[in-house]
Structure formats: C-alpha cells, structure tokens
Amino acid sequence: MKQTLTALAVGALSVTATLSGTALPAFAEGEKIVLVSHAPDSDSWWNTIKNAIALAGEQMGADVDYRNPPTGDLADMARIVEQAAATDPAGIIVTIADFDVLEGPITAAVDQGIPVITINSGTAEQSRALGALMHVGQPEYDAGYGAGLKAKAQGADSFLCVNHYITNPASVERCQGFADALGVEMGSQMIDSGQDPSEIQNKVSAYLSANPETDAILTLGPTSAHPTLRALDSDGLSGEIFFGTFDLSGEIAEAIKGDVIEFAIDQQPFLQGYLPVVVLTNLARYGVVPGNSVNSGPGFVTKDNIALVEKYAGEYR
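Residues numbered from 1 in each chain as written. Predicted model: local features only at pLDDT ≥ 70, side-chain atom pairs only at ≥ 80, totals over all residues. Heavy atoms only, no water.

- An unreviewed UniProt entry annotates the protein as ABC-type sugar transport system, periplasmic component of Tritonibacter multivorans.
- We quote the UniProt Subcellular location (unreviewed entry) comment for the protein here in full: "Cell envelope". (UniProt positions renumbered as here; feature names shortened; annotations may be inferred.)

Structure, rendered in structure tokens:
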C-alpha cells in the first residue's frame, strides 16, 4: 500500500529522480516544513495525517514538524502559524479553520516569501485569496449536501447534526449542506455537542428523546460518531435511524458492516498530509509545483466497498 501510494503521488508530480531510483537529496540542515492544524490533542482523526507527513518526510528526506493548539483554540492556532513563520521554514502546511482568524498570519507568511499550502478546512477559493500555492481538501458544503441527498432518497425530512467542533465554520457548512439537500431549515437541528464523549452521548440521547420524529443523523467525525453509536445502542435505536458520518475509524467501519451507519464520507486525509510535503519538497529542490488544487474527497464508504478500505482505517484512510 505504501509503495502504491508513493508511486501514484510521485508519478503524478513527475518526480523523475524517484522514478529512476536516484536517492533524493535531504534538506539543508535546519530547514523544515511545518504543518499547523486546528485539531485539539484529543482528536484522533488527525493521526492519519500525522502518519502521512511522517511517511512523506521519510521518503523525501524532508524534516516535517506537526503543530496544533492543544485545546483547538483558533487564536492559539493563529499564534502557532506566526511562530512557525518566524523560523523561516521551507514551507508551511495549514488548515483554514476560520478564514477571518487566520488570514493575517497566513498572508504574513506568504508575504515573507514562505511557500504555503492549505489543507483540510477551507476552500480552494479561500486558499487563493490567502496567496497559498494550492489547496488539498474536501469541499465541505458539497460533501454535506451529498450526504443529505442520500438521506432524502431514504425519505428523511428531519435530522440531527452532531457538531463536535462548532467553532470551525467548515463544520457548520457540512450541517448546512445536509439541511439544504433535505430542503429544510437547519435551525436547532444542529447541536453543539462539545468533545467530551459522555457529554456527546447524553446530548444525543436527550435530543432524540425530545424529538422522536428525527429520522436522520449526521456526525462529523469519530469524535461525535462514536458516542452517538453508544447513545443509539443504549436507547435501543441502533439501525432504526438513517445515520451517516464523516471520516473513518475501526468502530465506524464495524457500524457500517452492521447496518447501523449507512456511509462514511472519506476525505482521504492521508493525501492531505502526504501530497503537500511532496510538493513543498520538490518546490524547494527543483522549483516545480502543480498548478491546480486537489479535491481529496468526498468519497462515500458503504457496506458495498468497506472491505477495500477498513484494513487501513485510522492509519492511511
């Protein structure tokens, strides 16, 4: 799998040195790439991106550093971007968790002459507005809309969106897209669940108890999906409500196979970490860079194709 991903990514980028078997030169001493995410320490979903940058760094001979705000505080994230830029790295990879909060530090890094690639949160349009080279990610509203169309096809007209990171505008876009596809107002159907598993479980149970007509649930990743699974099981509702989620984990894969979760939206986080490291390394060494952003998702993982991806869930998928 590692060899396949490497060949595809490097081949697409025309890295002839790798294809010919020539050893890649290492970065100069002290030169590094920094990835700054918005994720709190508790968000295990980002382990796949950490694996991706570690593998890309090893294969490319690049020094890659992962940094994040421990609690997910975006003001703290903005300061981390400023600190990363102050070290004059060979490149910065950063999420656009909130355009308004991060615009200043990201554009300042670009103005300083640091190559920047945005990933994950945000859009290609926002990335261009910030002066970044490219964006590698998933159009979040479109992904939510696609999820909503699947729920609507099953007759859903009311829903619960369990938002565990409501301060990130991209998470709201997912819920809004879902509501728009159903043709209903979002209103109070999106809840701020927080990130504590027990609290999420209790909030989901309370919502469903107060709104028994709810016929669809959307969660935005393992942080909210896992406690929601426990809430449904505890309330005797497993498999009774249309349930879709973003992202993959071993527990989500089992729920898909057990007909509890209809689908997981895979934005392929491995590519979000891996490709920017390859691009920035080749830019630093050879002055080459792709001219387009990359949509890493959405892709829908269902019971029909789960066997193809579950082996690598949480590691490469």
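### Describing the sheet that holds strand E4 (residues 116-120)
Then comes step 1: Ordered by their spatial adjacency, six strands build an open sheet running E2-E1-E3-E4-E5-E11, and the pairing between neighbours is parallel. Strands with a single pairing partner mark the edges of an open sheet, and in this sheet they are strand E2 (64-67) and strand E11 (294-295).
Then comes step 2: Where strand E1 (residues 33-36) and strand E3 (residues 91-95) come together, four bridges link them in parallel fashion. Across the sheet, Val-36 pairs through a bridge with Val-94, a residue of E3.
Then comes step 3: Docked against the sheet, helix H4 (residues 74-86) engages E1, E2 and E3, running at close to 170° with respect to E3. (Pairing = 2+ DSSP bridges. Helix = DSSP H or I, 4+ residues; strand = E, 2+ residues; numbered from the N terminus. Contact = heavy atoms within 4.5 Å. Axes fitted to C-alpha atoms, helices over the stretch in contact; angles between N-to-C directions.)

### Topic: the packing of aromatic side chains
Then comes step 1: In the structure shown here, the tally under the stated rule is eight aromatic pairs.
Then comes step 2: A centroid spacing of 5.2 Å and a plane angle of 65° characterise the contact between Phe-270 and Tyr-316, whose relative ring orientation is edge-to-face. With a gap of 46 residues between them, Phe-270 in helix H12 (residues 269-286) and Tyr-316 in the segment after helix H13 (306-309) connect regions that are remote in the sequence.
Then comes step 3: The exposure class assigned to Phe-270 is buried, which follows from its relative accessible area of 2%. (Phe/Tyr/Trp six-rings, centres within 6.5 Å; stacked < 30°, edge-to-face > 60°. Buried < 20%, exposed > 50% of the residue type's maximum accessible area, 1.4 Å probe, protein only.)

### Things to note about the pairing of E4
Then comes step 1: Burial within E4 is extensive, with five of its five residues counted as buried.
Then comes step 2: Handedness of the crossover is the feature at issue here: the chain leaves E3, passes through helix H5 (residues 99-111), returns alongside E4, and the resulting connection is right-handed.
Then comes step 3: Note: E4 against strand E5 (residues 134-137), four bridges, orientation parallel. Looking at the pairing, Ile-117 lines up with Met-134 of E5.
Then comes step 4: Read as a crossover between parallel neighbours, the route from E4 over helix H6 (residues 124-130) to E5 is right-handed. (Right-handed = clockwise from strand over helix to strand, strands pointing away.)

### Some words on the pattern of salt bridges
Then comes step 1: Tallied over the entire structure, the rule returns eight salt bridges.
Then comes step 2: Residue Asp-65 pairs with Arg-67 through a salt bridge whose shortest N-O separation is 2.7 Å.
Then comes step 3: A residue is classified by how much of its surface remains accessible, and Asp-65, at 22% relative accessible area, is partly exposed.
Then comes step 4: Judged by its relative accessible area of 22%, Arg-67 falls in the partly exposed class.
Then comes step 5: Close ionic contact of Glu-254 with Lys-257 constitutes a salt bridge, the shortest N to O distance being 2.9 Å. You can see Glu-254 and its partner Lys-257 sitting in helix H11 (residues 250-257), three residues apart, about one turn around the helix. (Salt bridge = Lys/Arg side-chain N within 4 Å of Asp/Glu carboxyl O.)

### Quick look at the UniProt feature "domain: Periplasmic binding protein" (unreviewed entry) in the protein
Then comes step 1: As recorded in UniProt, the sites labelled "domain: Periplasmic binding protein" (unreviewed entry) are residues 33-285.
Then comes step 2: Structurally, residues 33-285 comprises 50% helix and 17% strand, and the distance from its first C-alpha atom to its last is 13 Å.

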